[in-house]
Amino acid sequence: MRSESIETYRLLIIDDNPTIHADIKKILCPEAEPEAEQLTDEEKALFASESPSANVSCFHIDSAFQGRDGLGMVQEAAGNGKPYALAFVDVRMPPGWDGVETIRHIWKRFPDLQVVICTAYSDHSWMEIIQQLGHSDNLVILKKPFDNIEVLQLAHAMTKKWDLTRQARVRMDNLDEQVRARTQELSQANQELQAEVQKRAEIECAMRASEERFERAFRAAAVPMAILHSHTRLMIDVNDSFVALVGRSRAELVGHSLEDLRALSEPAPFNAALQDVRQGKPVRNLKCPVRRRVEEIRETLLSMEPVILGSEDCVLLAMHDVTDQIELEAQLRQSQKMDAVGQLAAGVAHDFNNLLTIIGGYTSLQMSRDNLDAGLAYALQQVKLAADRAAALTKQLLAFSRKQVMRRKPLQLAAVVQHIHPMLVRMVGESIVLESHCQPGLLPVFADEHCLEQIIMNLVVNARDASSNGDVIRIRADMAEVNENDARRCHDARAGRFVCLSVQDGGIGMDTSLLNRVFEPFFTTKQAGKGTGLGLSTVYGIARQHEGWVEVASKAGQGSTFSVFLPPSDKPVEPLSQLLVEKPVPVGANTSRTILLAEDESALRELVATTLERQGYKVLQAADGVEAMRVWRETGTPIDLLVTDMVMPNGISGAELARTLLKESQTLKVLYISGYSTEVLENSEMLAEGKNFLPKPFSFQKFLSTVEQSFIAESGNHVCSAHA
């Protein structure tokens, strides 16, 4: 068992509640035997010792019931040479000072006093206390009711800390004395060094060499730099990079100030920074826009350092041009915003497609009834038209969000422009002239034909709406070489050779504020009801989905030019698609065929089943892939066609269901339907719309035609059989 001397520390309790005084004294200075034994056990648990009294401190505790009394006792104890090491201070002490105000008054005179704030309330948050008292490691908060061990631990730890702080101050005073003595020794050594006059020539030579090195580094630095006289602000010297940044010759700059040349678009921050440098405070990365001779503003980060050249106080100024970086960051933020909006648009379109299929389907069923009331027929027709308009909007949303299924093939852009040119002429009207010019020998692009037509039509419609009678809209298709400098114009751009489709108008044009939002979905400058605000955002999404990008050049009153850049393809050109005309499907002629329908949307599943049964098919229904597998196993009738949604709950998707069933029946035909899913996009090259895939929403005439087409399609057309 160790035997050590016990140190006594003075503690002060400042609390208006006498019970708190008694509780803390019982914890720290127990007198009654049972309580003493209890605290001894707690001290053993705290200090992990059989005889903690030999290793811990004893306390002399005084009491004060108001903040002003506590301050007086602290002053008196310090004057008597018996200072307090620790004070327990209550937050609430009405009337008079509260705990925080008491601590502030005490710390003005005695900042080393350790303080424990005691409170049972949330009168002050920790941040509020810090704001009033400042950051201090001499302060902790103790919540009421007290934990005996916590009070013991705080008392021992903080009194020890107070004692160590005092010992450290004594050590620092000793060190200060040693430093002063050492300083005197160094001063004497410096006087001896100054006596060595013979070394002056070597020192001067070294200084000249240093100045020459500084001069070479200053001239060759890639960062724009200048040296100013600290008081006159006149430029003493500038390097070549500074000349290029400001756009003036060296002769125009030297001997003049930046204010005289109006080179600072915001002089106030520069003047404040220069004042700091005069006081010996370096300046780092201060935003400082610089005006060039051509009135172009360049954004720079300014750094200044005080230097002495000869005997003159000067300032070394460096400006880092961050204009291009800021523009790229803005383009990146815009691209990220567009991607985020695209994700939202895709989710909305997916849910809408299911709903619109149900609305359109039931409307068509009702409209096909005989002897339909004329008023009801008109109402149903309006519902059908509204559903079709909503379907067109969701299709544009999917195009913007780059979630639509595409059938890409090598196409000649000039052929696409020529193919839809007559329709474009009718669309713009007789009052506007439409011209088109395609460069001979254009390389093909690997693209979806309908998507290219959608890009051209949306750009032409946008140009038409911005034009007036007699204006000319020009469509061009050219090869374009994009270099690294050109690629900086747009975040999505990259260097290389591209096919460029541009649509130019001479209309009202756009200012900078409109250009920054022109591709945002639902943003439009047209009157209410004149546009959805999805045309240009659709162009943006299709271009991105084809590994390309869109650029726009416009000024208010000077028209606009939209340019779409698409990567060329080295594959042979394929012909354009022929327009397919849907033929009516005879009713009730398919009684021998059985169809398994897997669709998790119950309303849509019932509608599809009703439509197929009216056509004469036998329909087996399943709400998901698991139930479809069970129906497949239990039915005794051979199943001819599987109609399945691509995404279903309970772990089995439409593609997985088809793969499993095709292994058991090589003659099974598959028709996929989907509002949108990532699985559709992953398998889009294997899906053939109108043969084995039908996107939602769809008309039920087209649905029945596709079902008929599925029965005559080759087995290789179902997507999962080829890649199982």
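Look above for the structure.
The structure presented is a predicted model; accordingly, all values stated were derived computationally and were not measured.

Novice: So, the overall build of the protein chain: which residues are in play, and what are the values?
Specialist: When its secondary structure is counted, the protein chain shows 23 helices and 24 strands. Within the span of the protein chain, comprising 724 residues, buried residues form 42% of the whole. If you take every contact in the protein chain between residues at least 6 apart in sequence, the share linking residues at least 24 apart comes to 69%. With an accessible surface of roughly 38400 Å², the protein chain has 52% of that area assigned to carbon and sulfur atoms.

Novice: Break down the sheet that holds strand S8 (residues 283-287) for me, citing the residues and quoting the values.
Specialist: Ordered in space as S7-S6-S12-S11-S8, the 5 strands form an open sheet in which the pairing is antiparallel. For this open sheet the edge positions go to strand S7 (235-238) and S8, each flanked by a neighbour on one side alone. Across the sheet, the mean angle separating the axes of adjacent strands is 25° when strand polarity is ignored. Direction of pairing for strand S11 (residues 300-309) relative to strand S12 (residues 312-321): antiparallel, over a ladder of 10 bridges. Its bridge partner being in S12, Leu 309 is matched across the sheet by Glu 312. Along the sheet face, helix H10 (residues 267-278) touches strand S6 (225-229), S8, S11 and S12 and points at about 30° away from the line of S11.

Novice: Describe the sheet that holds strand S16 (residues 472-482), and please don't skip the residues or the numbers.
Specialist: A sheet is described by the order of its strands in space; here 5 strands give the open sequence S14-S16-S17-S19-S18, paired in mixed fashion. In the strand order of this sheet, the two ends are held by strand S14 (433-438) and strand S18 (549-554), each with one partner. Recorded for the sheet is a direction-independent mean angle of 20° between the axes of neighbouring strands. Across 9 bridges, S16 lies against strand S17 (residues 496-505) in antiparallel orientation. Looking at the pairing, Arg 474 lines up with Gln 504 of S17. Each of S14, S16 and S17 is contacted by helix H13 (residues 413-428), which is oriented at about 180° to S14, the strand it contacts most. Sheet strands in contact with helix H17 (residues 535-545) are S18 and strand S19 (560-566), and its direction is about 140° off that of S18.

Novice: Hey, could you go over a nonpolar patch on the surface for me, with residue numbers and the actual values?
Specialist: A cluster of nonpolar side chains, Phe 352, Leu 355, Ile 359 and Val 383, forms an exposed patch at the surface whose accessible area comes to about 330 Å². Top contributing element to the nonpolar patch by residue count: helix H11 (residues 323-367), with 3 residues. Take Phe 352: it is sitting in helix H11. What makes Phe 352 partly exposed here is its relative accessible area of 41%.

Novice: Can you break down the nonpolar core residue by residue, with the values?
Specialist: What tends to happen in soluble globular proteins is that the nonpolar side chains get buried as a cluster. With 39 residues, the main nonpolar core has Leu 452, Ile 456, Leu 459, Ile 475, Leu 501 and Val 564 as its most contacted residues. If you list the elements that add at least two residues to this core, you get H13, strand S15 (445-448), helix H14 (449-466), S16, S17, H17 and S19. Val 238, Ala 263, Val 283 and Met 319 belong to the second-largest nonpolar core, a separate cluster that totals 24 residues.

Novice: Lay out helix H19 (residues 625-634) in plain terms, naming residues and giving numbers.
Specialist: Every buried residue of H19 is accounted for by Gly 625, Ala 628, Met 629, Val 631 and Trp 632. Within H19, the buried residues cover an arc of 165° as seen down the axis, which keeps them to one side. Between the side-chain oxygen at the start of H19 and the backbone nitrogen of Val 626 there is a gap of 3.1 Å, and the oxygen is on Asp 624.

Novice: Run through the packing of H14 against H17, naming residues and quoting values.
Specialist: Relative to each other, H14 and H17 sit at 145°, their axes nearing to 9 Å. H14 and H17 meet at a crossing whose hand is left-handed. Contact residues: H14 offers Cys 451, Gln 454, Ile 455, Asn 458, Leu 459 and Asn 462, while H17 offers Gly 535, Leu 536, Thr 538, Val 539, Ile 542 and Ala 543.

Each value, and the rule that gives it
Residues numbered from 1 in each chain as written. Predicted model: local features only at pLDDT ≥ 70, side-chain atom pairs only at ≥ 80, totals over all residues. Heavy atoms only, no water. Helix = DSSP H or I, 4+ residues; strand = E, 2+ residues; numbered from the N terminus. Buried < 20%, exposed > 50% of the residue type's maximum accessible area, 1.4 Å probe, protein only. Contact = heavy atoms within 4.5 Å. Areas by Shrake-Rupley, 256 points an atom, 1.4 Å probe, with all protein chains shown as cover. Pairing = 2+ DSSP bridges. Axes fitted to C-alpha atoms, helices over the stretch in contact; angles between N-to-C directions. Patch = residues over 30% accessible without salt bridge, like charges linked within 9 Å, V, L, I, M, F, W, Y side chains within 5 Å. Salt bridge = Lys/Arg side-chain N within 4 Å of Asp/Glu carboxyl O. Core = buried A, V, L, I, M, F, W, Y, C linked by side-chain atoms within 4.5 Å. Arc of directions from axis to C-beta. Polar contact = N/O pair within 3.5 Å; in protein donor to acceptor, adjacent residues only side chain to side chain. Left-handed = near helix turned anticlockwise from the far one by under 90°.

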